[in-house]
Amino acid sequence: MHTQTQAPAQLTAFAGKRKVATGPLHAVAHTLKELVTRDPDAQILIFDDASGSQVDLNLHGSLADVLQRLPRPAAPVQADVPPRTAGRPKLGVVAREITLLPRHWEWLATQPGGASVALRKLVEHAQRGNKAHDEQRQAREAAYKVMNALAGDAPGFEEASRALFAGKQPAFLACVQEWPADVREHVLQLAQRGWSGD
C-alpha cells in the first residue's frame, strides 16, 4: 500500500509579528489569500506547529488557483494487492549496513532470532525509553525555529535560546516577556512540551 505525503496537520501564520491564521492547510491558505488580496505587501510567514519548520504557500492568482495547488487531503491509495502466499509476510524491512565491534557481533549471534531480531528489539526498547526525552527535544527545536524566524532580533533572544535548550522554564519566560504578544504566546505554546515534568 502506498500513501501520499501528508500536509502538516496544523499551521500557524504570521503577518509580521501578528498571528493571522491557525488551522489546517486549506483553511490557512483561504485566510491568507484574503489577507494578501487586501494587503499585497503583507510579510507572511507560515509554520508547521509540530516541527516549527516554515511552510511555503504560493498565494498568487485567484483563491481557486491557490487551493488547486495545495496537496489533496491524504487518503491512502490502495495498490493492487497480490494474493497471500505461504511464508513470512513482507514487513517493510530495509537492509542497510551497520558496523559493530567483533564482541557486539558475538553477542548478537547468541540472541534468539539472530542479529536482526535482537537489533530491532533494542531499537524499539530505546524508542520507548527515550520517548519523553525525544518529545521534549522536538518541542524545544520547534519553538526555537519559530523564535529564530520571528524574534531573532528581539531583546533577550540569545538568553531565551540558552534557557530553552537548558530546560530552564522560569528564565525562558522572563526572557520572552517583552516580545510581541502573538509571538510570545505562540512560542510558549510550542515550548510547553519541552519542559521536564509536563
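Bear in mind that the values here come from a model prediction, so they are computed numbers and not experimental data. (Residues numbered from 1 in each chain as written. Predicted model: local features only at pLDDT ≥ 70, side-chain atom pairs only at ≥ 80, totals over all residues. Heavy atoms only, no water.)

Trainee: Outline the overall build of the chain, supporting the account with residue identities and numerical values.
Mentor: Scanning the chain for helices and strands turns up eight helices and five strands. Within the span of the chain, comprising 198 residues, buried residues form 27% of the whole. Restricting to contacts in the chain with at least 6 residues of sequence separation, those with at least 24 account for 58%. Split by element, the accessible area of the chain, about 13,500 Å² in all, is 54% carbon and sulfur. (Helix = DSSP H or I, 4+ residues; strand = E, 2+ residues; numbered from the N terminus. Buried < 20%, exposed > 50% of the residue type's maximum accessible area, 1.4 Å probe, protein only. Contact = heavy atoms within 4.5 Å. Areas by Shrake-Rupley, 256 points an atom, 1.4 Å probe, with all protein chains shown as cover.)

Trainee: Summarise helix α1 (residues 25–38); cite the residues concerned and give the values.
Mentor: The terminal C-alpha atoms of α1 lie 20 Å apart, and with 14 residues this matches the ideal 20 Å at 1.5 Å per residue to within 8%. If you check which residues of α1 are buried, you get L25, V28, A29, L32, K33, L35 and V36. With its buried residues spanning 165° around the axis, α1 presents them on a single face. Opposite its buried face, α1 presents the exposed residues T37 and R38, each directed more than 90 degrees away. For α1, the elements touching its buried residues are β2 (11–15), β3 (18–23), β4 (44–48) and α2 (63–69). (Expected span 1.5 Å × (residues − 1). Arc of directions from axis to C-beta.)

Trainee: Tell me about the confidence of the model for the chain, residues and numbers included.
Mentor: Across the chain, the average pLDDT comes to 85, with 84% of residues at or above 70. Note that residues 1–5 has pLDDT below 50 and, in this model, 12 contacts with residues that lie over four places away or in other chains. (pLDDT = per-residue confidence, 0-100.)

Trainee: Let's hear about the environment of F47: which residues, and what values?
Mentor: Its place among the elements puts F47 in strand β4. The contact partners of F47, leaving out residues within four places of it in the chain, are Q10, L11, T12, F14, G52, S53, Q54, V55, V146, A149 and L150.

Trainee: Give a description of the pattern of salt bridges that names residues and reports values.
Mentor: Oppositely charged side chains are able to pair whenever their charged atoms sit close together. Under the definition given, this model contains three salt bridges. One salt bridge in this structure joins D134 and R137, with 3.7 Å as the shortest N-O distance. You can see D134 and its partner R137 sitting in helix α5 (residues 131–151), three residues apart, about one turn around the helix. For D134, a relative accessible area of 26% puts it in the partly exposed group. The exposure class of R137 is partly exposed, given its relative accessible area of 35%. The partner of R184 in a salt bridge is E185, with the nearest N and O atoms 3.4 Å apart. (Salt bridge = Lys/Arg side-chain N within 4 Å of Asp/Glu carboxyl O.)

Trainee: Could you give me a rundown of the pairing of β2, with the residues and numbers involved?
Mentor: With five of its five residues buried, β2 lies for the most part within the structure. Where burial is concerned, the two faces of β2 agree: the one with L11, A13 and A15 and the one with T12 and F14 are both buried. In sequence, β2 turns back onto β3 through a hairpin of two residues, with G16 there showing a positive phi of about 65°. Taken together, the five bridges between β2 and β4 define a ladder with antiparallel strand orientation. When the bridges of β4 are listed, F14 appears paired with L45. (Pairing = 2+ DSSP bridges.)

Trainee: Can you lay out the nonpolar core for me, pointing to particular residues and giving the numbers?
Mentor: Ranked by size, the top nonpolar core spans 21 residues in total, and within it M147, L164, F172, W179, V183 and V187 carry the most contacts. Contributing elements (two or more residues each) for this core: α5, α6 (157–166), α7 (169–176) and α8 (181–191). Once residues lying within four places of it in the same chain are set aside, the contact partners of V187 are A143, V146, M147 and F172. Grouped together as the second largest cluster of nonpolar side chains are 17 residues, A15, A21, L25 and A42 included. (Core = buried A, V, L, I, M, F, W, Y, C linked by side-chain atoms within 4.5 Å.)

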